[in-house]
Amino acid sequence: MNTFWLKIAALAVVVVVVIVLIGVFSSSERPRPAVESANEPETKPKTFYDQAEKDKEKFLAEPQPVEEQVREQNQPAGNQISAEPVRPAVKPAQLYFRPLSEIDNIEAERLLNVAVPGRSIGRLPMAGFKLMVDCCRQIISKWPDSWYAYRAKQLLIDMPERFRERYKITKEELDISEFTKQRPGTKPFNGTVEEESP
């Protein structure tokens, strides 16, 4: 009777060893990803934290004035010589924003600082963009002509389509064309977020 259990235990060990060996040998048959060269910049963030940092850089940084955007487009990238003909740079549109009071500026900045991490969290499995959408809607409704509303609309535009449908994002919430037109009370953007003068 004792030999019966020994035979079953030995069979179980053999099965486990076979499964491990199959896993090892089958993994070597898969194509390995190409090794990135040291000269190429990292294009895709590797971890959640890298993506969160990229979101902060993209959405919390103030937009550049038109002159700086044109200057950056005209500069060649590094010492690379390309065979392609140089195309004339397209001049970015001038943006117009309404200056906010100091208190409104602080409140809008606080909401935007909640929305950007909410975007990063929304990318995680089993998480949603509700926090980001609520903050963006609050910014857009309270300060519709401000720089913060422009950034909030950019966050909503950058959200995946299936979530736009889930949270019922309207076309008006995605429309940033209004910031390219001068409206009453707005000023041309010159590189800094201005506060309303008392």
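Use the structure listed above.
What counts as what
Residues numbered from 1 in each chain as written. Predicted model: local features only at pLDDT ≥ 70, side-chain atom pairs only at ≥ 80, totals over all residues. Heavy atoms only, no water. Core = buried A, V, L, I, M, F, W, Y, C linked by side-chain atoms within 4.5 Å. Buried < 20%, exposed > 50% of the residue type's maximum accessible area, 1.4 Å probe, protein only. Helix = DSSP H or I, 4+ residues; strand = E, 2+ residues; numbered from the N terminus. Contact = heavy atoms within 4.5 Å. Salt bridge = Lys/Arg side-chain N within 4 Å of Asp/Glu carboxyl O. Axes fitted to C-alpha atoms, helices over the stretch in contact; angles between N-to-C directions. Parallel < 35°, antiparallel > 145°, perpendicular 65-115°, else oblique. Left-handed = near helix turned anticlockwise from the far one by under 90°. Nonpolar A, V, L, I, M, F, W, Y, C, P; charged D, E, K, R; others polar.

Turning our attention to the nonpolar core. One finds Met-132, Val-133, Ile-139, Leu-155, Leu-156 and Met-159 to be the most contacted residues of the largest nonpolar core, which totals 30 residues. Listing elements by their share of this core, those giving two or more residues are helix H4 (102-122), helix H5 (130-142) and helix H6 (147-157). The greatest single-element share of this core, amounting to 7 residues, is contributed by H6. Not counting the four nearest positions on each side in its chain, Val-133 is found in contact with Leu-156, Met-159, Tyr-167 and Ile-169.

This paragraph deals with the environment of Ala-52. Relative to the helices and strands, Ala-52 is located in helix H2 (residues 48-60). Taking the C-alpha atoms as reference points, Ala-52 and Ile-121, separated by 69 residues in sequence, lie 8.3 Å from one another.

Before going further, it helps to spend a moment on unusual backbone geometry. We note that Met-126 has phi near 65 degrees; this positive angle belongs to a residue other than glycine. Tracing the backbone shows Met-126 in the loop between H4 and H5. On the basis of relative accessible area, Met-126 is assigned to the exposed category, the value being 87%. The backbone of Lys-168 sits at a positive phi, close to 55 degrees, despite the residue not being glycine.

All right, on to the pattern of salt bridges then. Side chains that carry opposite charge are capable of pairing whenever their charged atoms lie near each other. Under the definition given, this model contains 12 salt bridges. Between Glu-178 and Lys-153 there is a salt bridge, and its shortest N-O distance comes to 3.3 Å. Taken together, the residues span a long stretch of sequence, with Glu-178 in the loop between helix H8 (171-174) and strand S2 (187-188) and Lys-153 in helix H6 at a distance of 25 residues. Exposure remark for Glu-178: the relative accessible area of 23% places this residue in the partly exposed category. Classification of Lys-153 as buried rests on a relative accessible area of 3%. A single network of salt bridges, built from pairs that share partners, joins Asp-55, Lys-58, Arg-119, Arg-123 and Asp-158.

Below, the discussion takes up the packing of H4 against H6. Contact pair H4 / H6: the axes reach a minimum separation of 10 Å and the direction vectors enclose 15 degrees. By the angle between their directions, the pair H4 and H6 is classed as roughly parallel. The chirality of how H4 crosses H6 is left-handed. Contacts between H4 and H6 pair Asn-105, Ala-108, Glu-109, Leu-112, Ala-115, Val-116 and Arg-119 from the former with Trp-147, Tyr-148, Arg-151 and Leu-155 from the latter.

As a packed pair, H4 and H5 sit with axes 8 Å apart at the nearest point and diverge in direction by 155 degrees. Here H4 lies roughly antiparallel to H5, going by the angle between them. Handedness of the crossing formed by H4 with H5: left-handed. In this structure, H4 contributes Ala-108, Leu-111, Leu-112, Val-114, Ala-115, Gly-118 and Arg-119 to the contact, and H5 contributes Leu-131, Met-132, Cys-135, Cys-136, Gln-138 and Ile-139. In terms of residue class, the contact of H4 with H5 is made up of 10 nonpolar, 2 polar and 1 charged.

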